[in-house]
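# Topology and contacts: notes
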Amino acid sequence: FQSLLVGRRTIEEFDRTPVSNDVLIRAVQCALAAPNRSCSEPWRFIHVGPQTVARFADLNAKIRKTMETQDGASSVLDWSKVPGWCVVTTK
């Protein structure tokens with residue numbers, strides 16, 4: 001378990017493999033089982049559909065455009081390349 005926590009990393013490059021609902025459900029179940037200060041931070045999980053993802057990607061494209069350097073590069077991740085979305089919120 002420690003090696004999983006210590007070896008954690010941020011992934012910013014994705015392949016186009018779809019994430020199945022079974023995998024998403026297992027991930028949410030694991031997240032719900034994680035320590036959470038006596039459930040003082042209620043989580044909400046939202047599986048985002050294609051229309052909302054398209055709106056996210058449009059917003060992201062606008063943000064990326066404002067952050068471009070003179071050579072056209074941007075430090076902001078291109079959200080249109082993310083293969084699946086699950087939004088996690090808390091109160």
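What comes next is a walk through the structure. Remember, it's a predicted structure, so these values are computed and weren't measured experimentally.

## Some words on the overall build of the protein
Across its full length, the protein holds three helices and two strands. Reading the protein from its N end, one meets helices and strands in the order α-α-β-α-β. A compact globule built from 91 residues should have a C-alpha radius of gyration of about 12 Å, whereas the protein, at 16 Å, is more than 25% larger. Expressed as lengths along the three principal axes of its C-alpha atoms, the size of the protein is roughly 50 × 30 × 30 Å.

## A few points about the environment of S20
One can find S20 in the loop between helix 1 (2-6) and helix 2 (21-33). As a C-alpha pair, S20 and P42 span 22 residues in sequence and 25 Å in three-dimensional space.

## Remarks on the environment of P18
Locating P18 in the fold gives a position in the loop between helix 1 and helix 2. Spatially, the C-alpha atoms of P18 and V82 are 9.7 Å apart, while their sequence positions differ by 64 residues.

## Details of a nonpolar patch on the surface
A surface patch of nonpolar side chains, about 290 Å² in accessible area, is lined by L32, W43 and V88. With respect to the helices, strands and loops of the structure, W43 is situated in strand 1 (residues 43-47). The exposure class assigned to W43 is partly exposed, which follows from its relative accessible area of 34%.

## Focus on the environment of E68
Within the secondary structure layout, E68 lies in the loop between helix 3 (50-66) and strand 2 (86-90). When neighbours within four sequence positions are excluded, E68 is seen to be in contact with A73 and S74.

What counts as what
- Residues numbered from 1 in each chain as written.
- Predicted model: local features only at pLDDT ≥ 70, side-chain atom pairs only at ≥ 80, totals over all residues.
- Heavy atoms only, no water.
- Helix = DSSP H or I, 4+ residues; strand = E, 2+ residues; numbered from the N terminus.
- Rg over C-alpha atoms; globule rule 2.2 N^0.38 Å.
- Patch = residues over 30% accessible without salt bridge, like charges linked within 9 Å, V, L, I, M, F, W, Y side chains within 5 Å.
- Areas by Shrake-Rupley, 256 points an atom, 1.4 Å probe, with all protein chains shown as cover.
- Salt bridge = Lys/Arg side-chain N within 4 Å of Asp/Glu carboxyl O.
- Buried < 20%, exposed > 50% of the residue type's maximum accessible area, 1.4 Å probe, protein only.
- Contact = heavy atoms within 4.5 Å.

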